[in-house]
Amino acid sequence: MEMPGSSPSDSDPTPRAGAPAAPPPRPPGAEAPPAVGSGNRWPCDRAFVATFVLLAVAAIVPIWRVRFLPLLDLPNHLAAVHIWHSFDEPWTRFRDFYELSLRPAPYGAYHILTHVIAYGVGLENANRVVLSGYVLAIPAAALGWARQTRRSPWLSVLTFPLAFTLSWACGFLPFLVGVALLLAGVVALDVYLDRPSPLRGAAVALLSVGCGLSHPLILFGYYVCVAVLMLCHLRRWSRIAVALPLFAPAVALVLWQLVAFKSPMVDLRSGPRFQGVWVPWHEMLRSFPEYTLDSVSGDLDTRVFWVLVAVASLLGLAGVARRFLPGRSLPAREPAAPAGSFLDRLHRHRSLALCAAMATCYFLVPLHLARPFDWWFVSGRFSPFICFFGFLAITAPLQGRSRLLMAPAVAAALVLPLHLSEKYARFDERVAPFARMVERIPPGAEVLFLTLPPRTDESLIIEGTNHFSSWVQIMHGGFSADGWHNVGFPFTLKRRLPAPPSNRGEWFKPDVHGVAYDYVILRNERPDKPVFTAAHPSFRRIERDGAFTLYEHTR
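Nothing here was measured: the structure is a model prediction, and the numbers come from that model.

Reading guide: rules and limits
Residues numbered from 1 in each chain as written. Predicted model: local features only at pLDDT ≥ 70, side-chain atom pairs only at ≥ 80, totals over all residues. Heavy atoms only, no water. Core = buried A, V, L, I, M, F, W, Y, C linked by side-chain atoms within 4.5 Å. Buried < 20%, exposed > 50% of the residue type's maximum accessible area, 1.4 Å probe, protein only. Helix = DSSP H or I, 4+ residues; strand = E, 2+ residues; numbered from the N terminus. Contact = heavy atoms within 4.5 Å. Pairing = 2+ DSSP bridges. Axes fitted to C-alpha atoms, helices over the stretch in contact; angles between N-to-C directions. Polar contact = N/O pair within 3.5 Å; in protein donor to acceptor, adjacent residues only side chain to side chain. Parallel < 35°, antiparallel > 145°, perpendicular 65-115°, else oblique. Left-handed = near helix turned anticlockwise from the far one by under 90°. Nonpolar A, V, L, I, M, F, W, Y, C, P; charged D, E, K, R; others polar. Expected span 1.5 Å × (residues − 1). Patch = residues over 30% accessible without salt bridge, like charges linked within 9 Å, V, L, I, M, F, W, Y side chains within 5 Å. Areas by Shrake-Rupley, 256 points an atom, 1.4 Å probe, with all protein chains shown as cover. Salt bridge = Lys/Arg side-chain N within 4 Å of Asp/Glu carboxyl O.

J.: Just checking my understanding: could you explain the nonpolar core for this structure?
T.: Within soluble globular proteins, side chains that are nonpolar generally end up buried alongside one another. Counting residues in hydrophobic clusters, the biggest one holds 143 residues, and the most contacted among them are L158, W168, M358, M406, F434 and I521. Among the elements that take part in this core, helix α7 (residues 173-194) stands out by supplying 15 residues, more than any other. Setting aside residues up to four positions removed in sequence, L158 forms contacts with L308, V311, A312, F391, I394, M406 and A409. One finds L448, L497, Y517 and V520 within the second-largest nonpolar core, a separate group that totals 18 residues.

J.: What exactly am I supposed to notice about the sheet that holds strand β8 (residues 548-553) here?
T.: Strand order in this open sheet of four strands is β4-β6-β8-β7, and the pairing throughout is mixed. Each having just a single partner strand, β4 (447-451) and β7 (539-545) make up the two edges of the open sheet. Sheet twist, expressed as the mean angle between neighbouring strand axes with direction ignored, is 20°. Its contacts with the sheet place helix α18 (residues 432-440) against β4, β6 (519-523), β7 and β8, and it is angled at close to 140° to β7.

J.: I tried to follow the environment of V130 on my own but got confused; where do I start?
T.: Mapped onto the secondary structure, V130 falls in helix α5 (residues 123-148). Once the C-alpha coordinates of V130 and H111 are considered, the two residues, 19 residues apart in sequence, prove to be 9.8 Å apart. Not counting chain neighbours up to four residues away, the residues in contact with V130 comprise Y110, L113, T114, I117 and V177.

J.: Explain the side chain of E446 here, please?
T.: Tracing the chain through its elements places E446 in the loop between α18 and β4. A polar contact is formed between the side chain of E446 and the side chain of R93, at a distance of 3.3 Å. Looking at E446, its side chain comes within polar contact range of the main-chain nitrogen of F479, at 3.3 Å. Here E446 is in contact with R93, F97, G478, F479, L497, A516, Y517, D518 and Y519, once residues within four sequence places are set aside.

J.: Help me understand the packing of helix α3 (residues 74-85) against helix α19 (residues 468-476) in this model?
T.: For any two helices packed against each other, one specifies the crossing angle of their axes together with the interaxial distance. It is the contact of α3 with α19, at a shortest axis distance of 8 Å, that shows an interaxial angle of 30°. The angle between the axes of α3 and α19 places the two elements in the roughly parallel class. Like other packed secondary-structure pairs, α3 and α19 cross with a definite hand, here left-handed. Contacts between α3 and α19 involve L74, P75, N76, L78, A79, H82 and I83 from the first element and S470, W471, Q473 and I474 from the second. Tallied by class, residues from the contact of α3 with α19 come to seven nonpolar, four polar and no charged.

J.: Looking at this model, I keep getting lost on helix α4 (residues 108-121). Mind explaining?
T.: Spacing of three or four residues puts side chains on the same side of an α-helix, whose turn is 3.6 residues. Compared with an ideal rise of 1.5 Å per residue, which puts 14 residues at 20 Å, α4 spans 20 Å between its outermost C-alpha atoms and is within 8% of the ideal. Three or more residues of α4 are buried, namely G108, A109, Y110, H111, T114, H115 and A118. As for α4, its buried residues are in contact with α3, α5, α7 and α8 (198-214). Following α4 by one or two positions, G122 has its phi on the positive side, about 90°.

J.: Is there a simple way to think about a nonpolar patch on the surface in this case?
T.: Taken together, the side chains of V251, L255, L258 and V259 define a hydrophobic patch exposed on the protein surface, amounting to about 400 Å² of accessible area. Residue position: L255 is located in helix α11 (residues 248-259).

By themselves, these observations are geometric and do not establish any function.
Shown next as structure tokens:
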């Protein structure tokens, strides 16, 4: 039996073969264990269930409210799925420009899921389904992890806003899908090491492969978590030995990707094999709130971050203070390790161990990479993992009136997605003329979209229309000069049309780029400084609406 006032164990006592573990006796008048009833079951808490459902519905409102969700890279990723999904459709004309390349590759998990779901609900709704799954997977994984580590299910409320990170604003969709797979994989592995079974082992193997197909950074973070988790379960070395072969398919996939899959993204032709940019630790610390919760203009999202941190800090202090209160009796640890041993404490506090591992990655991994991958914003993507495991390390039981301590976090988790949906709706209204222009263009015409300075939008922190050339491709088919041509999955480029870089529309030259297209859509063309002048009589302006102008090439 644990001494009164000690922190709760993270798992159930190991049962004897063929018989359930008996709970340790409690002194008369002692309270029941926090957050869990007997075993790994929580007592029914209708208030929590209602709160969780309400927050889950609110969390996906931004995704389903608008058509043009302003996540920077979203159009390019969705267009890549579109090329795969509609490759044989004559109206798309994709065979003129692309060849399918369907080999298991990094970044593939998002594309595979969206492609499969699109058969049932269509391309754009499939994207919404996948993004909704990502948003809801984070609190769902938190709920599973809280159950495993014998924490209060109310702690999962703190994780709802963690979906809307800077990575979300940037539209790193393969990485976001990987976040869901990583968290599910950590929970699945912990469950397997706690209570092995063939079905749980299959879940570990499948989720490991999913991480390998999602994003290289996710795969790195996942195996860091796997190493830390196995260290925390070291007293169960025989189960770890049995679990290791479960990772063989994922390891084989990675080896194949390294040897056989050649992506143009990987640049190892000459010079150093690794180049990165680190920033001082105090700068990383200062930027932590923005990296974790900053996805639209204004400071409400970062205020939500501080509300979550304040609530978590208050609960953490309550959990620490509780250790010194007399008259507490808590569940016994497993008998496999001596009471108070290092392995026992490490297992009990494995949430903190995972939090520390993610924090180490946050400070030691470069913020930007130049080689072997050209990646922007690398180490900052670990910030939500730090919060996830940090929040779920709290030992406060949150029963009865103590649940009121969660009220500010519940309000913050409810307000944030509704705030985002308002920002997105205003953006969607401003780009409605763009959709109308694309719809009036006749089938078979080639269209170039350009955004000119200023490329920003009052609702966003990113240049939300930079990749709208791919939205033209999704709606109209043809070639997008802005697609992911250098990934190698699910297509490779066969032929291209000339165009300036997506974020340098002002470099457009009518006589060089414009002649290859039937129509040109411009955003933010200045009336006093038109792109097409009297020197370009073959281009005729046919519509101007809001920030958008449509030109026809009469040839």
